[in-house]
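Architecture and fold: a report
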Number of protein chains: 2
Amino acid sequence: MTPDALARAAWSRLTEPGDVVAGALVASLGADEALGWLRDARATLAAGGTVAPEGSGDAGRRLGAAAARWVTRLGSCDPRRDLDHLARLGGILLVPGDPGWPAGLADLGPAAPACLWVRGTAGLGGLTGGGVALIGARACTPYGEHVTGELASGLADAGRTVVSGGAYGIDAVAHRVALASGGRTVAFLAGGVDRPYPAGNARLLAAIADGGGACVSEVPPGSVPSRTRFLQRNRLIAAAACATVVVEAAWRSGALSTAGHAAGLLRPVGAVPGPVTSAASAGCHRLLREGAAVCVTDVGEVLELVDAPGAPAPTAPAGRAHRDADDRPDLGGLDDAARRTFDALPARGATTVDALVRVAGLPLAEVAAALGALELAGLAGHGSGRWRRIRPAPEPGPTRANRTPAGPEAPGSG
Amino acid sequence: MTPDALARAAWSRLTEPGDVVAGALVASLGADEALGWLRDARATLAAGGTVAPEGSGDAGRRLGAAAARWVTRLGSCDPRRDLDHLARLGGILLVPGDPGWPAGLADLGPAAPACLWVRGTAGLGGLTGGGVALIGARACTPYGEHVTGELASGLADAGRTVVSGGAYGIDAVAHRVALASGGRTVAFLAGGVDRPYPAGNARLLAAIADGGGACVSEVPPGSVPSRTRFLQRNRLIAAAACATVVVEAAWRSGALSTAGHAAGLLRPVGAVPGPVTSAASAGCHRLLREGAAVCVTDVGEVLELVDAPGAPAPTAPAGRAHRDADDRPDLGGLDDAARRTFDALPARGATTVDALVRVAGLPLAEVAAALGALELAGLAGHGSGRWRRIRPAPEPGPTRANRTPAGPEAPGSG
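Cut-offs applied
Residues numbered from 1 in each chain as written. Chains lettered and ligands numbered in written order. Predicted model: local features only at pLDDT ≥ 70, side-chain atom pairs only at ≥ 80, totals over all residues. Helix = DSSP H or I, 4+ residues; strand = E, 2+ residues; numbered from the N terminus. Buried ≥ 20, exposed ≤ 12 C-beta atoms within 10 Å, placed from the backbone. Pairing = 2+ DSSP bridges. Right-handed = clockwise from strand over helix to strand, strands pointing away. Domains from an automatic or database assignment. Axes fitted to C-alpha atoms, helices over the stretch in contact; angles between N-to-C directions. Left-handed = near helix turned anticlockwise from the far one by under 90°. Contact = placed C-beta atoms within 7 Å. Nonpolar A, V, L, I, M, F, W, Y, C, P; charged D, E, K, R; others polar. pLDDT = per-residue confidence, 0-100. Core = buried A, V, L, I, M, F, W, Y, C linked by C-beta atoms within 7 Å.

What follows covers unusual backbone geometry. Residues and elements named next belong to chain A. With an omega of -5°, the peptide bond running from Y197 to P198 counts as cis. With respect to the helices, strands and loops of the structure, P198 is situated in the loop between strand 5 (185-188) and helix 9 (202-210). Although it is not a glycine, L266 sits at a positive phi angle of roughly 60°. One can find L266 in the loop between helix 11 (254-264) and strand 8 (269-271).

Written as structure tokens, this is what we have:
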């Protein structure tokens, strides 16, 4: 244990997560020297002095106020005891510069954690670096659970770590399905890693740590998960993963704070749409309305988010290349005259070229050329000087529930 | 009937919808003179001549090719017969400059229709000007029908005309609910107004025309609805309405062409999200992914689209101001120290100020001030020198199905 690591363990006890004054002080003096400064400051304060001398400006006043906060815990701060506790749990402490430290946390600047208390794999950086955060409501719906399962299993198949917050609902499904799919998953906790929270997820959190993943916290063992710690924990999820996807979230939801952190860190953010009748999707729709997230509907689109942060070129995935109730042949490769001529052919029976010229409103030469093209494409045929449509065999492929109620003659709607 | 109106009726018979060469010719010569030019051109063509003399360039060649198309229908073109037919139906012809002409169509430039054949109210411009197009799949789901009904009835209540395409599915629900809500609705048809299409909607289309709305077409009575006419009809919906909302649409859908027209005309476009498991919402999600539409989830958001094309400031509508499973009191008005102090108060029982200083990690002065603020807010109370939380009565309001499974102590997720 280096003095730096020991001092960082102390700082994680003295401060609340996201304390940028502490982060700046540690960055400027080093963790150990900053701790010495704080001990001196305590003596000064105890003697009725001030650590922010007049004329030291706003920064000095902020430092003085922060020191007054930090010293309230200095008496009960014992990093060796915390580290012993962690060692008994089989955990390890990670500090910046360790090979396993998640590189993405550097983007947090002075708000980066002083250290991470980890149960599970020490190579946290490798785990989370290409990972995707799947987050959302604890009070999720069966729809949200279903979509989370699809995404988590797809991410596992793609070799991507699933990062989440260990909560009930979307978080739990994300972790559980990633594990069940043979993938890796990391849970960032708001309380100490010795305090599985919520208690109902204790077995899941143990399985994550034992299954090649990790349970991680920036607060030392024994710390309770408080509201502010939950909100600060969200920034770690956003920073450690390379993209964040909100699967379900109410209009006001902690998941939106994670999405906001991710956007602030220039990480791509995805939101899964859902029924507008579902309150559990209102937060996702809010992100989409505000332009704060990209609409993602399957794991392929989540991976596009990761691989190409720019606007993705949409392609019709397999099973989706259907149209509204339109089982007409694909005229995509034909020119306008051929389409008009095809439209002019009667749905049933045959017609003359003269009639086609009039109905299509095209000169004979164009109609003749169009009929040739349609015949080559297998869409029209003739006999006895009359032309008719040829209906192609239906394309193979998945049929979904959007078959037409309007019959095969119904042209495109809307 | 002016010579201009008569000639425009003829042009709508001679051309296919969206013929920009005809539109440019009519705009440049006037409809009547352009018709005279075409008659001369027919004689020239019949005599083996050419109407695009060498050296007349691309425009001339395009005009010559177009004239060769138009003359194929000149022999069977009889606008007086078409107008008599319309009069027997109780319909009227609208041409640009008429008081009832929809102003938005001017944005189509040379692709604007030569005239409109209307059954129903002659004041079409007033009807459609502030109207909103609700469009989507014929093969819609019960979810799509429900949302369409909500939007159509809300638009009717807001005095907005519902514009659509008279098709089965989303279109039919939009028209029907607008009528049932006492609102006005306009159907743009791809075929002649004497040919209710689809036949199953004949009664609905008649009710639209009789109910203060209108059924409208740019092709004369007797014209069949062809594929190209459906696609061109979509531009009229997009141009006549002041915003377009796609409620449900498959990955490939005519509704997306209407949305594309609307975007091209700088009209706001909305898309209603749905379950990612529903193929009928794939086209809406595609629009959202491409940034081609704004996510809209209720009629309020549709009206925002109309009234403020810029990014709307989101506000939690009534009934939506809930959070993920969080029945903690609202600490929104309190500062960070008060929030931390509240978090430090035990969920049950009471604690000392010294313990609060240590747990919250705040100086005594800040904890004391925070406790004062919490007491004023009715969130904390004290007795015998110990402080406790006071749980406020639950707020009245709609309860939805997203109550917490985690119990009242569960802090914010995600």
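Quick look at the pairing of strand 3 (residues 132-136) of chain A now. Consecutive side chains along a regular strand alternate between the two faces of the sheet. Residues and elements named next belong to chain A. Of all five residues in strand 3, five are buried, a share of seventy percent or more. With burial as the criterion, each face of strand 3 is covered, one bearing V132, L134 and G136 and the other bearing A133 and I135. Examined bridge by bridge, strand 3 and strand 4 (residues 162-164) share two bridges and lie parallel to one another. Paired with V132 across the bridge in strand 4 is V162. For the crossover that starts at strand 3, traverses helix 7 (residues 142-157) and ends in the parallel strand 4, the hand is right-handed. Here strand 3 pairs with strand 7 (residues 243-248) via five bridges, running parallel. Bridge pairing in strand 7 places L134 opposite V245.

The subject of this paragraph is the sheet that holds strand 1 (residues 92-94) of chain B. Residues and elements named next belong to chain B. Spatial ordering of the open sheet is given by 1-2-6-5-4-3-7-8-9, a layout of nine strands whose pairing is mixed. With one partner strand each, in any of the chains shown, strand 1 and strand 9 (294-295) form the two edges of the open sheet. Of the strand pairs in this sheet, strand 1 and strand 2 (residues 116-120) are connected by three bridges, and their pairing is antiparallel. Pairing of L94 across the sheet is with L116, part of strand 2.

For chain A, the domain assignment lists domain 1 (3-77), domain 2 (103-307) and domain 3 (324-403). Taking only C-alpha atoms, the centre of domain 2 of chain A and the centre of domain 3 of chain A are 52 Å apart.

Before going further, it helps to spend a moment on the packing of helix 2 (residues 20-29) of chain B against helix 3 (residues 31-46) of chain B. Working note: a packed helix pair is described by the angle between its axes plus the distance between those axes. All names here are of chain B. Where helix 2 contacts helix 3, the two axes come as close as 7 Å, and the packing angle between them is 115°. The hand of the helix 2/helix 3 crossing is right-handed. Contacts between helix 2 and helix 3 involve L25, V26 and L29 from the former and A31, E33, A34 and W37 from the latter. Partitioned by chemical class, the residues of the contact of helix 2 with helix 3 number six nonpolar, no polar and one charged.

Residue and element names in this part refer to chain B. In space, the three strands of this open sheet follow the order 10-12-11, with antiparallel pairing throughout. Across the chains shown, the open sheet's two edge strands, defined by having one partner strand only, are strand 10 (350-351) and strand 11 (380-383). Looking at chain direction, strand 11 and strand 12 (residues 386-389) are connected through four bridges and run antiparallel. Within strand 12, the residue paired with G381 across the bridge is R388.

Residue and element names in this part refer to chain A. Averaged over every residue, the pLDDT of chain A is 87; the share at 70 or more is 88%. Predicted confidence is poor over residues 309-327, with pLDDT under 50, and the contacts of this stretch with residues over four places away or in other chains come to 43 contacts. Here residues 394-414 is a poorly scored stretch, pLDDT under 50, and it has 61 contacts once near neighbours within four places are set aside; other chains count. Across the assembled chains, the prediction reports ipTM 0.76 with pTM 0.79.

Here the focus is helix 14 (residues 336-344) of chain A. What helix 14 of chain A keeps buried is the set A338, R340, T341, F342, D343 and A344 of chain A. For helix 14 of chain A, the elements touching its buried residues are helix 15 (353-360), helix 16 (364-376) and strand 10 (380-383) of chain A together with helix 10 (227-240) of chain B.

With that out of the way, let us pick up the nonpolar core. Grouped together as the largest cluster of nonpolar side chains are 224 residues, with contacts concentrated most on V132 and V246 of chain A together with V132 and V246 of chain B. Setting aside anything within four residues of it in sequence, one finds V246 of chain A in contact with I135, G136, A255, A259, A271, V272, G283, C284, L287 and A293 of chain A.

Let us look at the environment of G183 of chain A. All names here are of chain A. Mapped onto the secondary structure, G183 falls in the loop between helix 8 (170-180) and strand 5. Each C-alpha atom of the pair G183 and G213 lies 8.8 Å from the other, and the pair is 30 residues apart in sequence. Contact partners of G183, with chain neighbours within four places excluded, come to L155, A156, V162 and A178.

Bringing helix 11 of chain A into the picture now. All names here are of chain A. With eight of its eleven residues buried, helix 11 lies for the most part within the structure. All of the buried residues in helix 11 are G254, A255, L256, S257, T258, A259, H261 and A262. Residues of helix 11 that are buried make contact with strand 3, helix 10 (227-240), strand 7, strand 8 and helix 12 (282-289). Trailing helix 11 by a residue or two, L266 shows a phi angle of about 60°, which is positive.

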